Amino acid sequence: MATAKNEVLRALGLTNLGSVYRNLGPSQLIERAISEGDGLLSAEGALVARTGQFTGRSPKDKFVVRDASTESTVKWGAVNQPMPPENFDRLFAKVQSYYQGRDAYILDAQAGADPAYTLPIQIVGQKAWHILFCHNLFLRLTADQLASHQPQFTIISAPEFHTDPAADGTNSETAIVVNFAKKVVLICGTLYAGEMKKSIFTILNYLLPDKGVLPMHCSINLGSDGGTAVFFGLSGTGKTTLSADPSRRLVGDDEHGWSAEGTFNFEGGCYAKCIRLSQDKEPEIWSAIRYGTVLENVVMDAETRRLDFDSALYTENTRAAYPIDFIDNAVIPGVAGHPSTVLFLTADAFGVLPPISRLTNEQAMYHFLSGYTAKVAGTERGLGNEPQAAFSECFGAPFLPRAPEVYAKMLGEKLAKHKSAVYLVNTGWVGGAFGTGKRMDLKYTRAMVNAAIEGKLNTAASEAHPVFRVLIPRECPGVPAELLDPRAQWSDKAAYDKAAADLALLFKKNFAKFGDVDPAITAAGPA
């Protein structure tokens, strides 16, 4: 390990470590993960790991250090819980002490495919499979880049170190703490690898608006004609699935920036949901499950090592983390132009919203701020039989350090400048709510999305929804016309009208929390 690299660790107070493994290759990391009892190879060659107690993020355990630099720029609250600098310093000292004498894995990487906005990063961890996950998800460095690499932010993961809520000011034995002044993220008490990925996204969400870049929780793909499409959507709405289209090239599946020059991927890999994955419906993701891929909490037969993607034994949130070049038609480097089409994906379990509809710019900002989808039993613990509306500002509230109005204003300005067409796509239920209706067939959703991206719906004859006032096309290539009208698919029209009115009320109640919003945007909501 080079002396310069040692100095970086010493500056972080990570001294007297055991063996230090820096920038190991995938095969070395796989070997070590297996030898340490943290993973097994599947028949397909993927490394299968378990995340233990936590099979998803721990949002109630996320903190941002509140100091002079963040006091007036971070939106404090349930998403960004403040931690005093002195509490962070005590916790950091404990983590530094914890690491003494322990082996450590180090990864040098970067985030941001556009060189003008690249963030050099470093990950320090205890688990080889965590480092393989980060190797897959972040942008990998060339030998020349490694030689001159100077990380601007460091993630220190201590999954087996548990915080003391009484002494450390945390809510549990788990803590994810971002310190923008010291440029350090501490992740304690959780094995869930997604915390590392999302911590870097949080950092970029904070830094990039000051550079005129809109950070986005979205997928992006690119047509043969250069047309760029952006897919916003929360987990379970089909963001990764719909953007992984064999007829288009994938720029990235989750986190991007939109600058004055165009769009660019923050990452170097994909983090796809695996539950009920099939070769028929998602061939690109299916083909990416191979040697080098990390699978989280996917059920595997102990004898045959065959994977059971239909099983939710450990969680519905089973995941695959793989380098983006495992997708045959990936765009490398992940840079594209300004989007001609923007799609907001929602899985409306109430069966109210149209399968596809065109939005005005004001409606686009309204729905961007709302960030609506719905949750149903089977996708999250503790849910009853009835769907529950979920609103997540900008389709990524857990990762937004700044006020959502900041991001929405930037989006509105970019949509107007580049004349992007915006569509709301319901990948959820039709003909009735969850339990009565059925989920929209993926082949029809794909047909609608493709028609929107190809511009075939921009001037199509349309009709305004009576409640949400979005424009519903009367015809769409490859889709039966009767599927386009959500009300027509309900046998009980009065029940549909009530469901639409009830959902509109939920939208209005949620939107009331936004104080400083242009009245034209508020007026663009449901009637």
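Throughout what follows, the structure given in this document is the object of discussion. Remember, predicted model here, so these are calculated numbers, not experimental data.

Here's the deal with the overall build of the chain
- For the chain, the count of helices and strands is 14 helices and 30 strands.
- Computed over C-alpha atoms, the radius of gyration of the chain comes to 23 Å, within 12% of the 24 Å expected from 2.2 N^0.38 for 527 residues, which places it in the range of a compact globule.
- When its C-alpha atoms are laid out on the principal axes, the chain stretches across 70 × 55 × 45 Å.
- In the chain, buried positions account for 59% of the 527 residues.
- Counting contacts in the chain only where the partners sit at least 6 residues apart, residues at least 24 apart contribute 73% of the total.

Things to note about the packing of aromatic side chains
- Enumeration according to the criterion identifies 27 aromatic pairs in this entry.
- Their ring planes at 25° and their centres at 5.2 Å tell us that Y21 and Y105 sit as a pair that is stacked. Of this pair, Y21 sits in strand β1 (residues 20-22) while Y105 sits in strand β6 (residues 104-111); the two residues are 84 residues apart in sequence, bridging distant segments of the chain.
- For Y105, a relative accessible area of 2% gives the class buried.
- Ring centres of F468 and F507 lie 5.3 Å apart, and the angle between their planes is 80°; on these two criteria the pair is classed as edge-to-face. A residue pair is termed long-range when its members are at least 10 positions apart, and F468 in the loop between β29 (462-464) and β30 (471-473) and F507 in helix α13 (residues 493-511) qualify at 39 residues. Per residue, the accessibility class of F468 equals that of F507, and both read buried.
- One aromatic cluster is present, formed by Y366, Y372, F391, F468, F507, F511 and F514 through successive ring pairs.
- The residue whose ring lies beneath R50 is Y314, and the NZ or CZ to ring-centre distance is 3.6 Å.
- Note that R102 overlies the ring of Y98, its terminal NZ or CZ placed 3.9 Å from the centroid.

Some thoughts on the pattern of salt bridges
- According to the stated counting rule, one finds 21 salt bridges in the structure shown.
- Ionic pairing is found between R276 and E316, a salt bridge with its closest N-O pair at 2.9 Å. Taken together, the residues span a long stretch of sequence, with R276 in the loop between β16 (269-273) and α9 (283-287) and E316 in the loop between β19 (307-308) and β20 (319-323) at a distance of 40 residues.
- Among the residues examined, R276 registers a relative accessible area of 46% and is labelled partly exposed.
- For E316, a relative accessible area of 18% corresponds to the buried category.
- K498 is the salt-bridge partner of D502, the closest N and O atoms lying 2.8 Å from each other. Placement of the pair is D502 and K498 together in helix α13, with a separation of 4 residues, close to one helical turn.
- Looking at D502, the relative accessible area reads 38%, which means it is partly exposed.
- Judged by relative accessible area, which is 54%, K498 ranks as exposed.

A look at the sheet that holds strand β2 (residues 40-41)
- Taken in spatial order, the 5 strands make up an open sheet running β2-β3-β17-β20-β16, and their pairing is mixed. The sheet terminates laterally at β2 and β16, the two strands that pair on one side only.

Definitions and cut-offs
- Residues numbered from 1 in each chain as written.
- Predicted model: local features only at pLDDT ≥ 70, side-chain atom pairs only at ≥ 80, totals over all residues.
- Heavy atoms only, no water.
- Helix = DSSP H or I, 4+ residues; strand = E, 2+ residues; numbered from the N terminus.
- Rg over C-alpha atoms; globule rule 2.2 N^0.38 Å.
- Buried < 20%, exposed > 50% of the residue type's maximum accessible area, 1.4 Å probe, protein only.
- Contact = heavy atoms within 4.5 Å.
- Phe/Tyr/Trp six-rings, centres within 6.5 Å; stacked < 30°, edge-to-face > 60°.
- Lys NZ or Arg CZ within 6 Å of the ring centre and 35° of its normal.
- Salt bridge = Lys/Arg side-chain N within 4 Å of Asp/Glu carboxyl O.
- Pairing = 2+ DSSP bridges.

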